[in-house]
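# Inside the fold
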Amino acid sequence: MLESLLRTGGAFRPVLARETKLTEASISRILSELRKERVVEEVRRSAPYVGGPTALITLSKNVAVAGIELSNNRLSVGVGDLTGTLDYVDRMPVSGQLGQDEFEHLFQESVAAMQEWTDQRGLILSQAAVAIPGYGRGAAGNPIFPWDMPRLTRFIDEIFGDVPVAVTNAVVAQAAFHRYSRTGIYPVASDHLFLFVGHGVAGVIVDETTPVDAFSAFELGHMVIERGGLACRCGHRGCVEAYTSLRAISKIIGVPDSDILSKGDSFIDMLDLGAGMREALRERLLLLGLGLGNALNLHPLSSVVISGWPSLMPSEDRLAILDGLNESLLGGYDASRLALSFIAPSIGNDPRAALYYAAYCFVRSGGLDPRTDPQTALEEIA
Ligand SMILES: [Zn+2]
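Fair warning: this is a prediction, and the values are worked out from it, not measured in the lab.

## As for the coordination of the zinc ion
Protein coordination at the zinc ion: the donors are His222 (ND1), Cys232 (SG), Cys234 (SG) and Cys239 (SG), at 2.1 to 2.3 Å from the metal. In this structure, the zinc ion is coordinated by four donor atoms arranged in tetrahedral fashion, with angles at the metal of 103 to 127°. Spacing between the donor residues of the zinc ion along their common chain follows H-x9-C-x1-C-x4-C. Residue His222 is found in the loop between strand E10 (217-218) and helix H7 (240-244), and its partner Cys239 is found in the loop between E10 and H7; the two are separated by 17 residues along the sequence. In this structure His222 comes out as buried when scored by relative accessible area, which is 16%.

This is how it looks when you write it as structure tokens:
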């Protein structure tokens, strides 16, 4: 029920009953419990039809969650509510070759500053989430930040004390952002691959029937497409990321990463891209399509949603992705078998994605204070 409220932003009781397949009596019982915990609110609204319901149920704005993201060469810490409003943001620059000791030091400082802010306001965090690129590769470790992951989760757990905290891959948090932020119309309602092209290039298979945290992230960016090609930060040469990441294209357009960030989502609109530059970017889009087609050969899906700088390119330039797909996808590219859509990226909006992931983790835990049940808190951390 809470997940449905997070996704829709609010609903009337009959709609909630339909969505959750619960009786209205059960809905009422659960709602009164959640209202007592101050997790949901009922707002008087004029009924959409005669004799219809008048109370719109929404998530409470009084629940505080924290989102922390390591992305865009910075560590961003934010505190906000379940609707994605950020009330506190702190961003610290970090180097691309961030070591674990350095990260832990910075993390500790940033979280201490955040806690000072929440303490001053008497806010108690209900949930925190940390999004890290490359996280969650199991025994293989993290290809982007080759750290001791059990040590990292222990460290984060200790820092947060009794606040439940979830650590996830950055692209899973991005998927949560697009599912729950409702910043635009999400183009796909069925299972699809969500591909994010930013500082890294990562995908996540979004299965509409499973929880967001079950989405398996994969590092498409480290697929080698050019033997002996451009050097990649992972230590290999010729990776998709070395050609298509923000850093890779910043060299083409002559704008440093940091400036791309300060220009936000409209960075390409603001550049006067000459014919040569556009041609070079089209070549990079073709390589992206090549990598994407190879990925789809391993895991066929009929729909792909791309977010990141390619979404900001003119639509005629984006056709280069189809050329790349045509060269690698089994049977070639066919619009009737593969739907490709683009959504605007949230470049520079960190830590919003982590904040939405925290909101998701909070509602999934049932919305009741997990500190009353230590087992739930442990599961969140695991
Ligand atoms: Zn690589």
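## Describing the sheet that holds strand E4 (residues 74-80)
Strands in a sheet are paired, the pairing made by backbone hydrogen bonds, and the direction either parallel or antiparallel. Pairing is mixed in the open sheet, where five strands are placed in the order E5-E4-E3-E6-E7. With one partner strand each, in any of the chains shown, strand E5 (86-93) and strand E7 (165-169) form the two edges of the open sheet. Adjacent strand axes in the sheet meet at a mean angle of 15° when their direction is disregarded. Where strand E3 (residues 64-71) lies against E4, seven bridges are found, and the strand directions are antiparallel. Bridge pairing in E4 links Ser71 to Arg74. Taken strand by strand, helix H6 (residues 170-180) contacts E3, strand E6 (125-132) and E7, and its axis lies near 100° from that of E7. The strands touched by helix H12 (residues 352-364) within the sheet are E3, E4, E5, E6 and E7, with E3 carrying the most contacts at an inclination of about 135°.

## Structural notes on H6
Residues that lie three or four places apart on an α-helix share one face, since the helix turns once every 3.6 residues. Most of H6 sits inside the fold, with eleven of its eleven residues counted as buried. Turning to H6, its buried residues are Ala170, Val171, Val172, Ala173, Gln174, Ala175, Ala176, Phe177, His178, Arg179 and Tyr180. Between the side-chain oxygen at the start of H6 and the backbone nitrogen of Val171 there is a gap of 2.9 Å, and the oxygen is on Asn169.

## Examining unusual backbone geometry
Cis rather than trans, the peptide bond between Asp350 and Pro351 has omega equal to 10°. Considering the arrangement of structural elements, one finds Pro351 in the loop between strand E12 (339-343) and H12.

## A few points about the packing of helix H2 (residues 13-20) against helix H3 (residues 24-36)
Orientation of H2 relative to H3, taken along the N-to-C sense of each, is 105°, at an axis distance of 10 Å. One way to sum up the angle between H2 and H3 is to call them roughly perpendicular. Mapping the contact onto sequence places Arg13, Pro14, Leu16, Ala17 and Thr20 in H2 and Glu24, Ile27, Ser28, Leu31 and Arg35 in H3. Among the residues forming the contact of H2 with H3, the class breakdown is five nonpolar, two polar and three charged.

## Section: the pattern of salt bridges
Between side chains of opposite charge, a pair can form when the charged atoms approach closely. In this structure the tally under the stated criterion is 16 salt bridges. For Glu42, the salt bridge goes to Arg35, with nearest N and O atoms at 2.2 Å. Measuring nitrogen to oxygen at the nearest pair gives 3.6 Å for the salt bridge that ties Arg337 to Asp334. Residue classification places Asp334 among the partly exposed residues on the basis of a relative accessible area of 30%.

## What about the sheet that holds strand E8 (residues 192-197)?
Ordered in space as E10-E9-E8-E11-E12, the five strands form an open sheet in which the pairing is mixed. Each having just a single partner strand, E10 and E12 make up the two edges of the open sheet. As defined by bridge partners, strand E11 (residues 303-308) adjoins E12 across five bridges and the pair is classed as parallel. Residue pairing for E12: Val305 is matched across the bridge by Ser341. Running over the sheet, H6 touches E8, strand E9 (201-206), E10, E11 and E12 and is turned about 110° from E8. Packed on one face of the sheet, helix H10 (residues 275-298) meets E8, E9, E10, E11 and E12 and runs near 150° to E8.

## A look at the packing of aromatic side chains
Enumeration according to the criterion identifies nine aromatic pairs in this entry. Ring centres of Tyr88 and Trp117 lie 5.1 Å apart, and the angle between their planes is 40°; on these two criteria the pair is classed as tilted. One end of the pair, Tyr88, is in strand E5; the other, Trp117, is in helix H4 (residues 100-120), and 29 residues separate them in sequence. Residue classification places Tyr88 among the buried residues on the basis of a relative accessible area of 11%. A relative accessible area of 15% means that Trp117 is categorised as buried. Following the ring pairs from residue to residue traces out a cluster consisting of Phe103, Phe107, Phe145, Trp147, Phe155 and Phe160.

## Brief notes about the confidence of the model for the protein chain
Chain-level pLDDT for the protein chain is 86 on average; 87% of the residues reach the 70-or-more range. Residue range residues 372-378 is modelled with pLDDT below 50. Its contacts to residues more than four positions away, or to other chains, number three contacts.

## A short note on the pairing of E5
With seven bridges connecting them, E4 and E5 associate as antiparallel partners. Paired with Val79 across the two strands is Tyr88, which belongs to E5. Hairpin geometry of E4 and E5 is characterised by an intervening segment of five residues between the two adjacent antiparallel strands and by a positive phi of about 90° at Gly84.

Each value, and the rule that gives it
- Residues numbered from 1 in each chain as written.
- Predicted model: local features only at pLDDT ≥ 70, side-chain atom pairs only at ≥ 80, totals over all residues.
- Heavy atoms only, no water.
- Donors = N, O, S within 2.8 Å, 3.2 Å for Na, K, Ca; no water.
- Tetrahedral: all angles 85-135°; square planar, octahedral: opposite > 155°, others 65-115°.
- Helix = DSSP H or I, 4+ residues; strand = E, 2+ residues; numbered from the N terminus.
- Buried < 20%, exposed > 50% of the residue type's maximum accessible area, 1.4 Å probe, protein only.
- Pairing = 2+ DSSP bridges.
- Axes fitted to C-alpha atoms, helices over the stretch in contact; angles between N-to-C directions.
- Contact = heavy atoms within 4.5 Å.
- Polar contact = N/O pair within 3.5 Å; in protein donor to acceptor, adjacent residues only side chain to side chain.
- Parallel < 35°, antiparallel > 145°, perpendicular 65-115°, else oblique.
- Nonpolar A, V, L, I, M, F, W, Y, C, P; charged D, E, K, R; others polar.
- Salt bridge = Lys/Arg side-chain N within 4 Å of Asp/Glu carboxyl O.
- Phe/Tyr/Trp six-rings, centres within 6.5 Å; stacked < 30°, edge-to-face > 60°.
- pLDDT = per-residue confidence, 0-100.

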